[in-house]
Amino acid sequence: MNAMYDVLRTIFGYDEFRGHQHDIVSHLIQGQDAFVLMPTGAGKSLCYQIPSLVRKGVGVVISPLIALMQDQVDALLQLGVKAGLLNSTLSANEVNKIENRVLQGDIDILYISPERLLMPRCLDLLTHTEIALFAIDEAHCVSQWGHDFRPEYMQLSILKSQFPHIPCIALTATADEPTRRDIISQLGLANAKQFVSSFDRPNIQYCVVEKNNPREQLHHFLTTEYPQEAGIVYCLSRKKVEETATWLQEKGWDALPYHAGLSNQLRLKHQQHFIREEASIIVATIAFGMGIDKSNVRFVAHLDLPKSLENYYQETGRAGRDGMPAKAWLSYGLSDLITLQQMLSNSQADEKHKRIERRKLEAVLGFCETTLCRREVLLNYFGETYQGPCGYCDNCLQPVTTWDGKIAAQMALSCIYRTGQRFGVKHLIDVLIGKVTPQVERFKHQHVSTFGIGKDYTAQQWSSIYRQLVAANLITIDISGFGSLRLTEKSLPILRGEQTIALRKETPKTKKTKNKREKGNASTPTDKLWAALKAKRLALAKDQGVPPYVIFHDSTLAEMHAKKPKTLDEFAEISGVGESKLQRYGREFIELICQQQAELNFA
Ligand code: ADP
Ligand code: ZN
């Protein structure tokens, strides 16, 4: 018992275990099997790293993410842990070296790719080695249901059959019921105790803005909230990724594109840049993300509507792995609906799949249009009973007011009817606000009864009204033509005045929403000391060829920034500072903090 706390404090520099960590760690130390479902950023690695260090022998970690292994090993080396890896990136010579160290008991945690593990040579090595435990990371890769299926993972049951007495832990962040069953049966873990955590990511703030001028909105968001931080911007198409990255570069941001159309080499280069640099932005299609372990991604911005809440949750989940406040920002407008509906109808999928896709899309719309707590909507969608309000999402911080949209809806619908259900939203709005455009003249729409009846609202307000009517299924978009709007059966009761409709009042999201209720740590500071701490971390990282967050997590830097330790004892108190990092970096950071303080006093 004491041993596990000892390791937690002296090696990792943390005071307490979080969530299920304590129970999982002691369960494994006692030699039992475990299945762990924890959301990203909740701290899965400690669950096997600490038992590996407490138990005798080497902890063997199987991970499919070869690109990540080196970073994981580097992070452990920084902590003074004897860690190593075996995968296809090593030369024969390097493999020999590691194998010898394993045999001599000189490695405490060993990362192995599944391909390598299954080689007779590797299994042979393991039978001659004392093993503390097996950890199977990203365990959902065994399941053919998921999108990350790895055939080699299906053979990992060999571990339980060849090493029945070694404790085994399978971990994942994404597993619905069928996948969970698959993992347990495929890996032979029927006796494993299950530790299932809530899917909630309490440090992520969800925020949806009405799409207006999306690039400018993004630029404004970055400038006001994250001028010096790293993040991911998702777009639907490769073309838009390229254009957005170029545009951001022109605006002075360190932004790079990432999509399946780029060469492997270029993709790797951009990914590396993103991981190693501080304030870098990656603009990507959904191809980007799996295997991104960068812990200090401070924001994930969606310029296009994701196709499902599953996608949305996975993508936004890449923010704030370090537990520090992070933001999921989505800009959403009528144009997104049109594009996605078009994609749906052009898709080659059969009717059944199309229906599923449509329902998923509707859930995304529901999330965007909701006046309730967004966290509640999300978690309920994933089958969790979460009692909001969270007090942290945009809707909680700035409650949405609704207005009686009956008359406006009638105008909007009858304008569609009067112009023959053949026109797109732009033209309909021109007619409503009484704008004489060439198209209005061509079709003589200045003479229809709805011409100019909507002058009390701006074009933008009409756009929002139409969007909400589409989201409420009162209007459909005819995507075979030019996105013309059509009435549905549901629009009749409104037109006849038998039914009212509450519309949300769009208010510009102001920055004051930011820190009303902080989760855990304070949000990242932006002053000179912060910049200096980050610069120091970056320089140290560059010297050693490791990502900055391997030196210290943002949360650790933020605590230094807040507490300004002046002695090694004070420095050791900072969460994330264990003995190894205290020795390596304590003095340098203390000096930097004192120097900054002196400058401040002098100024
Ligand atoms: P996951 O693999 O579940 O996404 P990680 O293992 O990478 O999460 O941990 C996420 C972050 O939380 C890391 O920065 C890690 O150092 C930190 N962390 C984990 N456990 C604790 C703890 N008990 N106290 C403080 N920080 C922790
Ligand atoms: Zn909320």
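Since we're looking at a predicted model, the values are computed, not measured.

Considerations on the nonpolar core
Working step 1: Residues Phe 134, Ile 169 and Tyr 466 are the most contacted members of the largest nonpolar core, which totals 138 residues.
Working step 2: Broken down by element, this core gets its largest block of residues, 7 residues, from helix 18 (residues 406–418).
Working step 3: If near-sequence neighbours (up to four positions away) are discounted, Tyr 466 is found in contact with Leu 334, Ala 412, Cys 415, Ile 416, Val 425, Leu 428, Ile 429, Leu 432, Ile 475 and Leu 485.
Working step 4: One finds Trp 530, Tyr 549, Met 560 and Ile 590 within the second-largest nonpolar core, a separate group that totals 24 residues.

With respect to the site of ligand 1
Working step 1: If you check the shell around ligand 1, you find 16 residues, and the closest are Tyr 14, Glu 16, Gly 41, Ser 45 and Arg 321.
Working step 2: Interatomic distance of 3.2 Å between a side-chain N/O atom of Arg 18 and a nitrogen atom of ligand 1.
Working step 3: One nitrogen or oxygen atom from the side chain of Gln 21 is found 2.9 Å from a nitrogen atom belonging to ligand 1.
Working step 4: Here ligand 1 has 560 Å² of accessible area as a free molecule, and 86% of this is covered by the chains.
Working step 5: Top contributing element to the shell around ligand 1 by residue count: helix 3 (residues 44–54), with 3 residues.
Working step 6: Its residues placed into classes, the shell around ligand 1 shows 5 nonpolar, 6 polar and 5 charged.

Remarks on the sheet that holds strand 10 (residues 255–258)
Strand-to-strand pairing in sheets goes through backbone hydrogen bonds, with the strands running parallel or antiparallel.
Working step 1: The strand order 8-13-12-9-11-10 describes an open sheet built from 6 strands, whose pairing is parallel. Two strands in the sheet have a free side with no partner beyond their single neighbour: strand 8 (204–210) and strand 10. In this sheet, neighbouring strand axes are inclined to one another by 20° on average, regardless of whether the strands run parallel or antiparallel.

Topic: the coordination of the zinc ion (ligand 2)
Working step 1: Only Cys 373 (SG), Cys 390 (SG), Cys 393 (SG) and Cys 396 (SG) from the protein reach the zinc ion (ligand 2) as donors, at distances of 2.3 to 2.4 Å.
Working step 2: Coordination geometry of the zinc ion (ligand 2): the 4 donor atoms subtend angles of 100 to 119° at the metal centre, consistent with an arrangement described as tetrahedral.
Working step 3: Spacing between the donor residues of the zinc ion (ligand 2) along the chain follows C-x16-C-x2-C-x2-C. With a gap of 23 residues between them, Cys 373 in the loop between helix 15 (351–369) and helix 16 (374–381) and Cys 396 in helix 17 (residues 394–397) connect regions that are remote in the sequence.
Working step 4: Judged by relative accessible area, which is 6%, Cys 373 ranks as buried.
Working step 5: For Cys 396, a relative accessible area of 16% corresponds to the buried category.

A look at the pairing of strand 10
Working step 1: Neither face of strand 10 is exposed, since Ala 255 and Pro 257 on one face and Leu 256 and Tyr 258 on the opposite face are all buried.
Working step 2: Strand direction decides the pairing type here: strand 10 and strand 11 (residues 281–284), joined by 4 bridges, are parallel. Paired with Leu 256 across the strands is Ile 282, a residue of strand 11.
Working step 3: The parallel pair strand 10 and strand 11, bridged by helix 12 (residues 264–276), forms a crossover whose chirality is right-handed.

Quick look at the pattern of salt bridges
Working step 1: If you walk through the whole model with that rule in mind, you get 31 salt bridges.
Working step 2: Among the salt bridges present, the one from Lys 211 reaches Asp 336, with a minimum N-O distance of 2.9 Å. With Lys 211 in the loop between strand 8 and helix 10 (214–225) and Asp 336 in helix 14 (residues 334–346), the pair connects residues that are 125 residues apart, well separated along the chain.
Working step 3: For Asp 336, a relative accessible area of 4% puts it in the buried group.
Working step 4: One salt-bridge network, in which partners are shared between bridges, spans Glu 229, Glu 278, Arg 298, Asp 322, Lys 534, Arg 537 and Asp 554.

A closer look at the state of the cysteines
Here a disulfide denotes one covalent bond, and it connects the sulfur atoms of two cysteines.
Working step 1: Going through the model one piece at a time under the given rule, you end up with 0 disulfides.
Working step 2: Here Cys 168 is not disulfide-linked; the sulfur of Cys 47 is the nearest cysteine sulfur, at 14 Å.

What to know about helix 4 (residues 66–78)
Working step 1: Between its terminal C-alpha atoms helix 4 stretches 19 Å, which fits the 18 Å expected from 13 residues at 1.5 Å a residue.
Working step 2: Along helix 4, the positions that sit buried rather than exposed are Leu 68, Met 69, Asp 71, Gln 72, Val 73, Asp 74, Leu 76 and Gln 78.
Working step 3: Phi for Gly 80, located one or two positions after helix 4, is positive at around 80°.

Some points on unusual backbone geometry
Working step 1: Even without being a glycine, Glu 138 presents a positive backbone phi close to 50°.
Working step 2: Residue placement: Glu 138 occurs in the loop between strand 5 (131–136) and helix 8 (157–162).
Working step 3: Its identity is not glycine, yet Lys 444 carries a phi of approximately 55°, on the positive side.
Working step 4: Inspection of the secondary structure assignment puts Lys 444 in the loop between helix 20 (438–442) and helix 21 (459–471).
Working step 5: What makes Lys 444 exposed here is its relative accessible area of 55%.

Observations regarding the domain arrangement of the protein chain
Working step 1: The domains assigned to the protein chain are domain 1 (2–196), domain 2 (204–397), domain 3 (402–504) and domain 4 (524–602).
Working step 2: Spacing between the C-alpha centres of domain 1 and domain 2 amounts to 30 Å.
Working step 3: Each side of the interface is counted separately: domain 1 has 9 residues, and domain 2 has 8 residues.
Working step 4: On the domain 1 side of the contact with domain 2, Thr 40, Leu 68 and Asp 71 bury the most area, a combined 40% of that side's loss.
Working step 5: Applying the counting criterion to the domain 1 and domain 2 interface returns 1 salt bridge.

Digging into the pairing of strand 4 (residues 109–112)
Looking along a regular strand, one sees the side chains alternate between the two faces of the sheet.
Working step 1: With burial as the criterion, each face of strand 4 is covered, one bearing Ile 109 and Tyr 111 and the other bearing Leu 110 and Ile 112.
Working step 2: When strand 2 (residues 58–62) meets strand 4, the two strands line up parallel, connected through 4 bridges. Across the sheet, the residue bridging to Ile 62 is Ile 112, located in strand 4.
Working step 3: In this structure, strand 3 (residues 83–86) lies alongside strand 4, joined through 4 bridges in parallel fashion. Bridging across to strand 4, Gly 84 finds its partner in Leu 110.
Working step 4: Note on the crossover from strand 3 through helix 5 (residues 92–103) to strand 4: the handedness is right-handed.

Parameters at a glance
- Residues numbered from 1 in each chain as written.
- Chains lettered and ligands numbered in written order.
- Predicted model: local features only at pLDDT ≥ 70, side-chain atom pairs only at ≥ 80, totals over all residues.
- Heavy atoms only, no water.
- Core = buried A, V, L, I, M, F, W, Y, C linked by side-chain atoms within 4.5 Å.
- Buried < 20%, exposed > 50% of the residue type's maximum accessible area, 1.4 Å probe, protein only.
- Helix = DSSP H or I, 4+ residues; strand = E, 2+ residues; numbered from the N terminus.
- Contact = heavy atoms within 4.5 Å.
- Near = heavy atom within 4 Å.
- Polar contact = N/O pair within 3.5 Å; in protein donor to acceptor, adjacent residues only side chain to side chain.
- Areas by Shrake-Rupley, 256 points an atom, 1.4 Å probe, with all protein chains shown as cover.
- Nonpolar A, V, L, I, M, F, W, Y, C, P; charged D, E, K, R; others polar.
- Pairing = 2+ DSSP bridges.
- Axes fitted to C-alpha atoms, helices over the stretch in contact; angles between N-to-C directions.
- Donors = N, O, S within 2.8 Å, 3.2 Å for Na, K, Ca; no water.
- Tetrahedral: all angles 85-135°; square planar, octahedral: opposite > 155°, others 65-115°.
- Right-handed = clockwise from strand over helix to strand, strands pointing away.
- Salt bridge = Lys/Arg side-chain N within 4 Å of Asp/Glu carboxyl O.
- Disulfide = S-S within 2.5 Å.
- Expected span 1.5 Å × (residues − 1).
- Domains from an automatic or database assignment.
- Buried area = accessible area lost by both parts, 1.4 Å probe.

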